[in-house]
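Take a look at the letters that make up each chain.
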Amino acid sequence: MKSRMSLAFGIFLVGMIIPAQSTQAATPEIISSLISQDQYVAGIESSQIRFSVALSGRDPTSTASTNLVITSYRPVHTRQEVRDASSGKLPSTVDTVIVNVSNLRDVATGRVDIAIPIEIGVRTKDALQMSASGLYPISIGLQEDKSVTSQIVTFVERLPQDVTSPLPSENFEIALIGTLDAPVSLQPDATTQISQSTRSVITEAISTLEANPDTPISLAIRPELVDALGNSTDEDTSLLTRLQNAASLQPLPTTYVDVQPDELLAQRSSDVFTTQLRLGEDVLAAGLPTMSINRDSWLQTSTLFSGGALLLRNLGLRTAVLLSDSQKTTANGISVFADSTRLVELKLSNSDRLTAALADTNLSAALTRGSDEPTGGPYLVAQQILAELKVLRSEIIDRDETMSGRGVILSTESGALPSTALVNALIDSVAGQPDMRFVSLEDLLNTMTVSIVDGLPVSFELQALADSYPSESALRDFSDRVNGFSAMLPDGDERRDQWQRVVNVLPARGLIPVQRQSYIDRVDAQLAALGASIVTPGSTTFTLGGRDSSIRLSLRNDNDTDLLVRIRLSSSKLSLATDEQVVTLPAGTSTLVEIPVTAKSNGRFPVTLQLLTPTGDIPIGAPAKFSARVNALAGLGQLFTGIALLLLLSWWIHHLRREHQRRQSENDDSADRHPSGDHST
C-alpha cells in the first residue's frame, strides 16, 4: 500500500535552468516547486509514483505544448552520491517517460498532478522501469515543444520484490535543534526595543513549534529576549504567551546574553560566564514556568578551546554540542575525523574529559540552503535530507552495526532554526518512515555513546586560547558601582532592576565598545544624580567641650525616596567608637546624625567626612572637609591641676620641714657658744 505525503519525500533542484528556445513564449515556464510525491513504490507490478508540482512563468499567449520528462537513474548507495545527484551529477540513465500535461495544469495555481506507472523486468513507452530495489534518483524536466526550461531531481525508494510497504526496524533517532537569538533589546535609556526583523524571526519560530506539537524541537532561547518580550508591547507579550504554550518546545540552557566561555576565561572573567549562565536559567524558568531547563548540554557556535570546555564541565554541563561553524575550527576541524552519529571525547588536561556531540555538517548545509528560499522550494531540501538519512542508515547496517547508541543532530550552520516550511516538510517526510523518529536533544544524548576505535574511545585534544584579551576591569568597576548604589535604595525600587539589567547585557559579544560605553555613561549619570541628592553641611567648625563628646551632622536627602548611606569620619586627632555608621535618610528632609568621638588633644584640627554606599565601599560624592576645636579637656585639666597642687604642697611641706630643721640647728649652735654656758672649774 502506498503512502502519499502532502509535504514529504520529494525533489531536489539540479540547479540548472535552461533558457527556452521557443519563439512562442517570451518567458519560459519552469517547475517552481514540488508540492508532494509518494515516498516509495511497492515492489510489485502495476505500482505507480504520484507527483504534484507547481509550474510558473508561462506566457498567457503561448500555444506551446508542455511535457514533463520523467527519468529514473541507477540507485545511489552513498551519501556523496545523493549529494552529487541533487546537484545534477546524475548516474547513468535507466528509463524515461514523457507526459503531456498541457491539459492537466490548473490555470489558477499552475499545479500539475501526475501518476507514473512503474514496470519490473520489461520496458514500455508509458511506464518507468525500476526493476531492482534501491533508492532511485528521479529527474522531472519541463519541456515546452523541444526546449527544456527547468529540471529538478527527487529520490524514490523502490521496495524489495513483493513488499508493499516499508518494514519496521530499529529506530534511527533524530534531534532537531536551533537557537532563538537577537541583538540586545535593552537600550541605554532603559527602554526595550525589539526590531521588526527580530519579531518576525520569533513569530516564525513560534509558528514552527505550533505547527508540530507532537515533535520535540530543542531550542536555546536567549533569556534576554524572553525578558524583553515580557517588558515590551502587548504584541510582544502575546508572543511570549504563545512561546510558553508551545507543546513541542524543549528549552536548552544558555547565557543571558551572547557570551562565550573561552573569551571570558581569557579576560579573567570566568565568574561573568557563571553569572550569565545562572541568570539565564533563572530568567527562562520564570519566563517559561511550565518547562524544565536541564543543565546537560551546551550549544557551541564558535571555536571551543580547552579552557572554555573545562569551565563548561566544572559548571555541570555534560555535553558540548558543536554546531557546523564550531566544528570547522575546533581541534583543527573535528568533523573531518569524527562519526557524527556518536559522541566523542574532548581532552582538557591529563585526566579531565568532556563529551561532545556533532551536528551533521552536510545536513547543516542543506538546512541552511533550504531556509534561504531555494529555487524549487524547501520541500526539495527536505527530500535531500531524508535521502541522506536513508543512505546513512543503510551504510551503518551494511557494516553489520546497529542503531544502538547512535543518533543524528540536525541544525543549520549558524544554529538559527530552519524555516517553518522546511521544518514542516522534513517532519512530514520522516513521519512516513517506520525506522526514523524525532526525539528531544536531551533524550538523544542520553542514549548516544562515545565512538570506539581499536578498543579506545575517540578523543580530540583541544587547543588553548592565547591570553590576549584585556581584563574587563571597566565592566567590573561599573558592576561594583551599580551594586553599591542599588543598596542605597529601598526594596522594590525599580531602579535596582533597571541598572542590573544593564550590567547583565554589557558582556554581550554583539556590543561594540562605543555601544557598551553608552550604557555605562547613562547609568553613571543616574548614579551621580542619586549621590548629588544627598547634601552635606557646608564648611563649618565643630567645638568639642571635652574629651568625650559628639559631632553632630545635618544631612539632607533631596531624593523622593528614602536612602541608606554609610558615614565615615576620619581625623588624626579624634578616636571614634565605630569607624563607620549606616543611617537611613528619609526622603525630602534633613536628618541630624550624632557621631560619638574622643579627642586626643586640645586645639584646632581637620576632620574629613566621606559618605559611602552601604555595601561595596563606593564613595558618594566628594569628601567634605571640616574643622574641630577643643578648648579645654575638662577631665584631663583637673588631673593635671591636682598633680600640680600635690607637687606644690609636697614642695612646701618639704621646704618648711627643712627650714624648721635649719632654724633648730642654728639655735643649738648659739646656745653652745653663750658664756653662761661654761661650767669648767
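This text follows the structure it describes.
Analysis parameters
- Residues numbered from 1 in each chain as written.
- Predicted model: local features only at pLDDT ≥ 70, side-chain atom pairs only at ≥ 80, totals over all residues.
- Heavy atoms only, no water.
- Helix = DSSP H or I, 4+ residues; strand = E, 2+ residues; numbered from the N terminus.
- Contact = heavy atoms within 4.5 Å.
- Areas by Shrake-Rupley, 256 points an atom, 1.4 Å probe, with all protein chains shown as cover.
- Pairing = 2+ DSSP bridges.
- Buried < 20%, exposed > 50% of the residue type's maximum accessible area, 1.4 Å probe, protein only.
- Polar contact = N/O pair within 3.5 Å; in protein donor to acceptor, adjacent residues only side chain to side chain.
- Salt bridge = Lys/Arg side-chain N within 4 Å of Asp/Glu carboxyl O.
- Phe/Tyr/Trp six-rings, centres within 6.5 Å; stacked < 30°, edge-to-face > 60°.
- Core = buried A, V, L, I, M, F, W, Y, C linked by side-chain atoms within 4.5 Å.

**Comments concerning the overall build of the chain**
Here is step 1: Counting its secondary structure elements, the chain contains 16 helices and 32 strands.
Here is step 2: If you take every contact in the chain between residues at least 6 apart in sequence, the share linking residues at least 24 apart comes to 76%.
Here is step 3: Looking at the chain as shown, the accessible area adds up to about 31400 Å², and 51% of this sits on carbon and sulfur atoms.

**What about the pairing of strand S8 (residues 111-119)?**
Here is step 1: Note that strand S5 (residues 48-56) and S8 share seven bridges and pair antiparallel. Each bridged residue has a counterpart across the sheet, and for Val53 the counterpart in S8 is Val112.
Here is step 2: Here S8 runs beside strand S9 (residues 128-129); their pairing, made up of two bridges, is parallel. Within the sheet, the bridge partner assigned to Ile118 lies in S9 and is Leu128.

**Observations regarding unusual backbone geometry**
Here is step 1: Even without glycine at this site, Asn332 takes up a positive phi of about 60°.
Here is step 2: Mapped onto the elements, Asn332 comes out in the loop between helix H8 (324-327) and strand S17 (344-347).
Here is step 3: Although it is not a glycine, Asp617 adopts a positive phi angle of roughly 60°.
Here is step 4: If you trace the backbone, Asp617 turns up in the loop between strand S31 (603-612) and strand S32 (624-630).

**Structural notes on the side chain of Ser52**
Here is step 1: Its place among the elements puts Ser52 in strand S5.
Here is step 2: Judged by relative accessible area, Ser52 falls into the buried class, the value being 0%.
Here is step 3: A distance of 3.2 Å separates polar atoms of two side chains, one belonging to Ser52 and the other to Arg111.

**Some thoughts on the side chain of Ser364**
Here is step 1: When you line up the elements, Ser364 lands in helix H9 (residues 361-370).
Here is step 2: Judged by its relative accessible area of 0%, Ser364 falls in the buried class.
Here is step 3: Aside from chain neighbours lying at most four places away, what touches Ser364 is Ser324, Ala359, Ser411, Thr412 and Glu413.

**Things to note about the pattern of salt bridges**
Here is step 1: Counting across every chain of the model gives 35 salt bridges.
Here is step 2: The residue Glu157 makes a salt bridge to Lys390 at a minimum N-O spacing of 2.7 Å. Of this pair, Glu157 sits in strand S11 (residues 147-161) while Lys390 is found in helix H10 (residues 378-398), placing the two residues 233 residues apart along the sequence.
Here is step 3: Glu157 gets classed as partly exposed once you look at its relative accessible area, which sits at 23%.
Here is step 4: Taking the relative accessible area as the measure of exposure, Lys390 reaches 10% and is therefore buried.
Here is step 5: By sharing partners, the salt bridges in this structure join Asp181, Arg222, Asp258, Glu263 and Arg509 into a single network.

**A closer look at the packing of aromatic side chains**
Here is step 1: In this structure the tally under the stated criterion is one aromatic pair.
Here is step 2: Note on Phe273 and Trp298: the rings are 5.5 Å apart at their centroids and 75° apart in plane angle, and the pair reads as edge-to-face. Linking Phe273 in helix H6 (residues 270-287) with Trp298 in strand S15 (residues 297-300), this pair joins segments that are 25 residues apart in sequence. Comparing Phe273 with Trp298, the two get one shared label, buried.

**Comments concerning the nonpolar core**
Here is step 1: In terms of nonpolar packing, the biggest core is built from 148 residues, with Leu68, Leu249, Phe273, Leu346, Ile385, Leu410 and Ile567 touching the most fellow members.
Here is step 2: Of the residues forming this core, the biggest block, nine residues, is contributed by H10.
Here is step 3: Those residues in contact with Phe273, other than ones at most four positions away along the chain, are Thr255, Val259, Gln260, Pro261, Leu264, Trp298, Leu311, Leu312 and Leu315.
Here is step 4: Residues Leu252, Leu299, Leu323 and Leu441 belong to the second largest nonpolar core, which totals 17 residues.

**Digging into helix H3 (residues 223-230)**
Here is step 1: Extensive coverage of H3 is indicated by the burial of six of its eight residues.
Here is step 2: Taken together, the buried positions of H3 are occupied by Pro223, Glu224, Leu225, Val226, Ala228 and Leu229.
Here is step 3: Residues of H3 that are buried make contact with strand S12 (172-180), helix H2 (196-211), strand S13 (217-221), helix H4 (234-244), H6 and helix H14 (494-505).

**Some points on the sheet that holds strand S24 (residues 534-535)**
Here is step 1: On the basis of which strands lie adjacent, the open sheet formed by four strands has the order S24-S26-S30-S28 and antiparallel pairing. Two strands close off the open sheet at either side, each with one partner strand: S24 and strand S28 (574-576).
Here is step 2: Sheet topology note: the S24/strand S26 (residues 548-557) ladder contains two bridges and is antiparallel. Residue pairing in the sheet places Val535 in a bridge with Arg556 of S26.

Note that all results are geometric; they support no functional claim without further evidence.
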